[in-house]
Amino acid sequence: MSATFLEKRKTETGFINISNPALTAMDLVQFDKRIGGLDRAATVLNELAETIMPEQITEHLLKEVPVTAIQRLVFLLEVVLQKDIGKLLYEVSKKAELEFFRTPLKTSALKVGFSSDERWKIIVNSEIEIDE
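Worth saying up front: this structure is predicted, and the values here are computed from it rather than measured.

**A short note on the overall build of the chain**
Consideration 1: The helix and strand tally for the chain stands at 6 helices and 5 strands.
Consideration 2: For the chain, the succession of helices and strands along the chain, N to C, is β-β-α-α-α-α-α-α-β-β-β.
Consideration 3: Taken over the C-alpha trace, the chain has a radius of gyration of 15 Å; the compact-globule value for 132 residues is 14 Å, and the two agree within 12%.
Consideration 4: With respect to the principal axes defined by its C-alpha atoms, the chain has extents near 55 × 35 × 25 Å.

Right, here's the structure in full:
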């Protein structure tokens, strides 16, 4: 992973590298099953979205992550959580010439018989509930 996606944080024993908020957001969606599902990811994203800086959203970042994770992340940010950072992600993904294809919001659920979001090509096969 490129050092441009990392931040140094001081701890009691020295400095450690952690992922920046934009990469963390991508990871939350990409590895949602490991953290307890999309509801938990959306709950964390609700607060994390406020710390994502526009300069962290780059074409280089989007090329490091699967397109399906980007689609699902931006759908959650823009449609479910109604965060403005989703618009920037859309612009950068178009600039990076990413090609979107139909993908389910919840990968382990049924994929047929559900409506889909045309902008992000997300099959909306799950209702997201966030804890506030």
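**A closer look at the sheet that holds strand β3 (residues 103-104)**
Consideration 1: In space, the 3 strands of this open sheet follow the order β3-β5-β4, with mixed pairing throughout. Two strands bound the open sheet, and with one partner strand each, they are β3 and β4 (116-117).
Consideration 2: As paired strands, β4 and strand β5 (residues 122-123) are joined by 2 bridges and run antiparallel to one another. Residue pairing for β5: D117 is matched across the bridge by I122.

Definitions and cut-offs
- Residues numbered from 1 in each chain as written.
- Predicted model: local features only at pLDDT ≥ 70, side-chain atom pairs only at ≥ 80, totals over all residues.
- Heavy atoms only, no water.
- Helix = DSSP H or I, 4+ residues; strand = E, 2+ residues; numbered from the N terminus.
- Rg over C-alpha atoms; globule rule 2.2 N^0.38 Å.
- Pairing = 2+ DSSP bridges.

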